[in-house]
Amino acid sequence: MTASSDALDVTVVLNGETRQLKVQPWTTVLDLLRLDLGLTGTKKGCDHGQCGACTVLIDGQRVNSCLQLAVMQDGREITTIEGLARDGQLHAMQQSFVEHDAFQCGYCTPGQIMSAIALIQEGRARTRDEIREYMSGNICRCGAYPNIVDAIEDVLAQSGANQREAAE
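Presented here is a report on the structure given in the accompanying data block.

## Some thoughts on the nonpolar core
1) Next: Within the largest apolar cluster, 25 residues are counted, with the highest numbers of intra-cluster contacts made by Met93, Phe97, Ile113, Ile131, Ile148 and Ile152.
2) Next: Breaking this core down by element, the ones donating at least two residues are helix H2 (92–99), helix H3 (109–122) and helix H5 (145–167).
3) Next: Among the elements that line this core, the one with the most residues is H3, at seven residues.
4) Next: Filtering out sequence-adjacent residues up to four positions away, Phe97 remains in contact with Ala102, Phe103, Thr109, Gln112, Ile113, Ile148, Ala151 and Ile152.

Now the structure itself:
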């Protein structure tokens, strides 16, 4: 990251760690993550917000990081695919993608996983058709959609069981 007189101070919580950054006004969140911070799990696909490969969570909401300016994220929390695993354990969605073979080339997988996590947190998808609809902003060129839906459906069922157990 080159510092110049144009750079602005931005503080974000990135994957649970507070980071104070100098950011050029034109830098997208995607380029900040990949080029400046070396977090290459978030992929650059179309760079126009059409494929979902760059999906990250900002304050818990799924967003296309290629469409977000980094300077606009001051004080916000950003979670990337690198921030999901805890203590060497994959996040339930990551594990489900592995168990259901929900990827082929894997390029779209980080964005698919981040979007799927948000989909469950949003609480709107309850059926396979709803999962497909709410995941429609994430493109998989390999056509692994049935397995992706299986993986999400599995975690959705687990989260529903966990919510029922907590209520009892």
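Having seen it, we continue.
## Notes on the sheet that holds strand S1 (residues 8–14)
Whether parallel or antiparallel, the strands of a sheet pair through hydrogen bonds between backbone atoms.
1) Next: Within the open sheet, the five strands sit side by side as S2-S1-S5-S3-S4. Their pairing is mixed. Whereas interior strands pair on both sides, the edge strands pair on one side only; in this sheet they are strand S2 (17–23) and strand S4 (61–64). Strand-to-strand twist of the sheet, defined as the mean angle between neighbouring strand axes without regard to direction, takes the value 40 degrees.
2) Next: When strand S3 (residues 55–58) meets strand S5 (residues 77–79), the two strands line up antiparallel, connected through two bridges. Along S5, the bridge assignment pairs Leu57 with Thr79.
3) Next: Sitting on the sheet, H3 touches S3, S4 and S5, and the angle it makes with S3 is about 40 degrees.

Reading the values: rules and limits
Residues numbered from 1 in each chain as written. Predicted model: local features only at pLDDT ≥ 70, side-chain atom pairs only at ≥ 80, totals over all residues. Heavy atoms only, no water. Core = buried A, V, L, I, M, F, W, Y, C linked by side-chain atoms within 4.5 Å. Buried < 20%, exposed > 50% of the residue type's maximum accessible area, 1.4 Å probe, protein only. Helix = DSSP H or I, 4+ residues; strand = E, 2+ residues; numbered from the N terminus. Contact = heavy atoms within 4.5 Å. Pairing = 2+ DSSP bridges. Axes fitted to C-alpha atoms, helices over the stretch in contact; angles between N-to-C directions.

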